[in-house]
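Commentary on secondary and tertiary structure
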Amino acid sequence: MNVLIIDDEEDVLEVYTAFLEGSSIRVSTASDSCAAFVLASGDKFDAIISDLHMPNTFPSTFIQGLKAKCPEAKIIVCSGMDVSPTIEAMADDILPKPFSSEQLFSVLESPRSRVA
Amino acid sequence: MIIHEARKLHLAIRCLIAVCVVLLSLLVRISIKDHGGDIAPYFFLLPVIGISALFLGSFPGSLTAIIGSAATEYAIIHSLHHSSIQPDDLYRPICVILYALLMGWLGKNHADNMINLHKSHRLFESVVDSLPLMVFLKRLPDFKFEVFNRAGEELTGFPRAALLGKNDLDFFPRDQAEAFMKADMNVIQSPARFLDIPEEPIDTAKKGTRILHTVKVAISVENGSPTHLLGISEDITDIREQQKKIAAGKEEAAVLRAQLFHAEKLAAIGTMTATVAHEINNPLAVILGNVDLLVKDPKDLATRLEKIRISTERIRSVVGSLKAFSRKNSETTSPQDLHKVFAEVSALSEVLAKKSYSTLDISYPEKDLRVLAREGHIQQVLLNLVSNACDAVKSSMNKCIRISCSTTEKSVVISVADSGSGIPEEIREKIWEPFFTTKGEAGTGLGLATVRRLVEDMHGRASVESTLGNTVFYVELPRCQ
């Protein structure tokens with residue numbers, strides 16, 4: 001399984017990478033929107049876990065952009081705030097921060113909720 | 001009034017005397033005729049002069065004139081009758097004319113005096129009656145009313161005819177009447193002979209109980225011990241009620257204002273909460289994640305613990321910022337360390353800036369720079385301004401917010417600048433008004449009104465300068481030496 005994790009905080013990225021370490025999941029990380037788009041265009045990802053509020057982007061356009069780059073990927077939005085209904089409709093799953101490693105695995109393992 | 005009565009009596013006595021004069025004059029004529037005398041037609045002048053003097057002149061003056069005229073007439077006629085001088089001689093008419101002139105002059109003087117006296121009585125009466133205040137005069141020692149004006153009649157509801165010659169005990173409830181008379185006694189006995197009673201109740205005949213403001217003065221007709229007591233009362237019942245209403249209104253307005261600004265604070269907290277949730281949840285994610293990892297495998301213990309510590313610090317600083325809102329507003333100003341204030345505000349400001357995707361630049365003031373302010377108020381002011389700045393830059397390409405401060409000898413000017421589209425000239429003064437908002441439903445219209453109120457409460461000044469791409473809000477506060 002190929003997973004892209006996007007968050008503007010390095011410490012958060014580190015924790016989630018460590019969660020998935022040792023499993024069969026291959027993890028890539030991006031800490032800004034540009035790097036995220038570059039990675040998303042290059043590789044094929046099964047799932048993208050992204051923070052909602054990334055600098056220099058609007059949440060909805062960012063998520064839409066990711067979906068356009070990786071139509072196959074399951075989009076999991078994680079946020080420390082309440083997620084607006086627009087975003088909820090766009091995302092395949094919502095992961096509220098903070099979350100445990102068990103929650104992360106269960107979201108990743110659950111089937112894709114909707115067709116892109 | 002008593003004066004009125006006296007004048008009637010005076011007039012009656014004069015009429016009586018006038019009748020007596022005519023009778024006396026007739027008696028003289030009859031007695032002359034009895035002695036075979038000749039009555040010249042102009043001798044009728046004398047009683048006529050006497051009577052006119054009576055009506056025009058003063059009372060004793062006219063009486064003298066009448067008796068004088070009668071006696072002179074009799075003397076002249078009698079002497080002419082027994083002398084060789086004939087009535088046709090010049091002597092007789094000259095005497096008559098001289099006498100007539102003298103009487104006329106006396107009569108005129110008396111008449112002028114009388115008219116003046118009469119006029120001043122009338123003037124006194126109409127002045128007292130036209131006064132909008134209740135005026136009364138009580139005669140000592142029994143405090144019976146001697147003068148009572150129209151305003152007094154209207155106020156008490158008692159006709160003056162009933163009041164004159166009576167005292168308070170005849171009209172007012174015993175306890176009130178006794179209070180009035182006790183005050184009267186105090187006036188007379190006090191060296192100042194004056195008493196100001198700011199409030200006293202009075203039971204009126206038609207208007208129920210009214211509140212009076214009364215001034216009482218003891219006066220004496222001649223210099224010496226007081227003979228009368230003058231009272232002037234104003235009905236202040238309506239004024240008192242209005243004052244009470246105004247006071248109640250002011251109190252209500254103050255309560256409403258406090259509630260309004262409290263509501264603003266709550267609204268600000270509401271919008272802040274969502275942002276704060278994010279700001280706390282991120283470090284929480286780091287803490288929880290690291291703990292999770294350590295539980296499974298305690299490798300990298302020191303690194304992970306350090307990350308936990310840093311995240312905990314971050315949460316602490318956000319919570320510290322929130323304290324600025326929860327602090328009970330103090331009423332007095334005290335020296336506040338501006339560096340500390342900036343530090344407290346920075347965490348939340350950064351959250352707000354991040355949410356609006358703008359860069360925040362804070363230039364910290366030198367350490368130990370103190371301003372005179374109310375605890376927590378500068379924080380609230382700054383967060384309101386930063387929150388506004390974040391909204392202002394939303395539609396700009398370049399999103400910058402800068403917090404800085406400059407000092408003068410006596411004051412410190414804190415500025416919050418943004419790169420937003422600016423505030424149009426025509427609304428620049430309106431933005432400070434409560435409920436003025438450009439944000440539609442999203443704004444309460446209380447943010448800047450609160451800023452101005454809080455700053456002015458701290459004896460400071462809030463102002464704004466704005467051009468396209470550069471809007472600066474200034475908060476000037478007195479510097480602590």
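The structure under discussion appears in the preceding block.
Read on for an overview of the structure. (Residues numbered from 1 in each chain as written. Chains lettered and ligands numbered in written order. Predicted model: local features only at pLDDT ≥ 70, side-chain atom pairs only at ≥ 80, totals over all residues. Heavy atoms only, no water.)

Digging into the overall build of chain B
Short version of the rule: Secondary structure elements follow DSSP: runs of H or I of four or more residues count as helices, runs of E of two or more count as strands, with numbering from the N terminus. Buried, partly exposed and exposed residues are distinguished by accessible area as a fraction of the type maximum, computed with a 1.4 Å probe on protein chains only: under 20%, between the cut-offs, and over 50%, respectively. By definition in these notes, contact holds between two residues if any of their heavy atoms fall within 4.5 Å. Where accessible areas are quoted, they stem from the Shrake-Rupley method and a 1.4 Å probe; at the residue level, only the protein chains shown are allowed to cover.
Helices and strands together make up the secondary structure of chain B, namely 12 helices and 12 strands. With 481 residues in all, chain B has 41% of them scored as buried. Counted over contacts in chain B with a minimum sequence separation of 6, partners at least 24 positions apart contribute 62%. On chain B, roughly 26,400 Å² of surface is accessible, and the fraction owed to carbon and sulfur atoms is 62%.

Quick word on the overall build of chain A
A tally of regular secondary structure across chain A gives five helices and five strands. Each helix (α) and strand (β) of chain A, taken in turn from the N terminus, gives the series β-α-β-α-β-α-β-α-β-α. Relative to its 116 residues, chain A shows a buried fraction of 51%. Counting contacts in chain A only where the partners sit at least 6 residues apart, residues at least 24 apart contribute 62% of the total. Of the accessible surface of chain A, which amounts to about 5,100 Å², a share of 54% is contributed by carbon and sulfur atoms.

A closer look at a nonpolar patch on the surface
We count it as follows: Here a patch means residues that are over 30% exposed by relative accessible area and free of salt bridges, tied together within 9 Å if like-charged and within 5 Å if nonpolar (Val, Leu, Ile, Met, Phe, Trp, Tyr). Counted as salt bridges are all cases of a side-chain nitrogen of Lys or Arg within 4 Å of a carboxyl oxygen of Asp or Glu.
Taken together, the side chains of B:Leu123, B:Val127 and B:Leu131 make up a nonpolar region of the molecular surface, amounting to roughly 260 Å² of accessible area. Within the secondary structure, B:Leu123 sits in helix α4 (residues 91–130).

Re empty space enclosed by the protein
All names here are of chain B. Stated precisely, the cut-off is as follows: Residues are called lining when one of their atoms sits within 4 Å of a cavity or pocket point, these points coming from a 1 Å grid over the protein atoms alone, where a cavity is a set in which a 1.4 Å probe fits but cannot get out and a pocket is an open set with protein on both sides within 12 Å along at least five of seven lines. Grid points are joined across faces, edges and corners, and a volume is the space filled by probe spheres set on the points. Each residue is assigned to one of three groups, with Ala, Val, Leu, Ile, Met, Phe, Trp, Tyr, Cys and Pro labelled nonpolar, Asp, Glu, Lys and Arg labelled charged, and all others, Gly among them, labelled polar.
Within this structure, the stated rule accounts for three cavities of 30 Å³ or more. Within this model, the largest cavity holds a volume of roughly 100 Å³. Along its surface, the largest cavity is lined by 14 residues, and Met 134, Phe 136, Asp 168, Phe 180 and Ile 202 are the ones closest to its centre. Looking at the lining of the largest cavity, the elements with two or more residues in it are β1 (134–139), β2 (144–148), β3 (194–203) and β4 (209–219). In terms of residue class, the lining of the largest cavity is made up of eight nonpolar, two polar and four charged.

As for the nonpolar core
To be explicit about the condition: The criterion is simple. A nonpolar core is a set of buried Ala, Val, Leu, Ile, Met, Phe, Trp, Tyr and Cys residues joined through side-chain atoms within 4.5 Å.
Of all hydrophobic cores here, the largest spans 46 residues; its most connected members are B:Leu338, B:Ile378 and B:Ile414. It is helix α11 (residues 377–392) of chain B that provides the largest number of residues to this core, a total of eight residues. Among all residues touching B:Leu338, those that are not within four sequence positions of it are B:Pro365, B:Leu369, B:Val371, B:Ile378, B:Cys405, B:Val412 and B:Ile414. One finds A:Tyr16, A:Ile49, A:Cys78 and A:Leu108 within the second-largest nonpolar core, a separate group that totals 22 residues.

A word on the interface of chain B and chain A
As a reminder of what qualifies: Summed over both partners, the accessible area (1.4 Å probe) lost when two parts come together is defined as the buried area. Polar contacts, as counted here, are pairs of nitrogen or oxygen atoms within 3.5 Å of one another; within protein the pair requires one atom able to donate a hydrogen and one able to accept it, and residues that are adjacent in sequence qualify only if both atoms are side-chain atoms.
With 22 residues of chain B at the contact, the number on the chain A side is 26 residues. Each partner contributes to the roughly 2,000 Å² buried at the junction of chain B and chain A, and carbon and sulfur atoms together form 56% of this total. Here chain B and chain A share seven salt bridges between them. When the shortest N-O distance is used, the salt bridge between B:Lys307 and A:Glu14 registers 3.2 Å. If you look at where chain B meets chain A, you find 10 residue pairs in polar contact (both at pLDDT 80 or more). Looking at the side of chain B that touches chain A, the elements that each hand over two or more residues are α8 (237–296), α9 (301–326) and α10 (338–355) of chain B. By residue number, the principal contributor to the side of chain B that touches chain A is α8(B), which donates 15 residues. When grouped by side-chain class, the residues that make up the side of chain B that touches chain A number eight nonpolar, six polar and eight charged.

As for the packing of aromatic side chains
All names here are of chain B. What counts, and what does not: For Phe, Tyr and Trp, rings pair up if their centres lie within 6.5 Å, where Trp contributes its six-membered ring, and each pair is then called stacked (planes under 30 degrees apart), edge-to-face (over 60) or tilted (otherwise).
By the definition in use, this model includes 10 aromatic pairs over all chains. Note on Trp 432 and Phe 473: the rings are 5.9 Å apart at their centroids and 80 degrees apart in plane angle, and the pair reads as edge-to-face. Remark: Phe 473 occurs in strand β12 (residues 470–478) and Trp 432 occurs in the loop between β10 (411–418) and α12 (447–457); sequence separation between them is 41 residues. Across this residue pair, the class does not change: Trp 432 and Phe 473 are buried. Members of the aromatic cluster, each reached through a chain of ring pairs, are Phe 158, Phe 171, Phe 172 and Phe 180.

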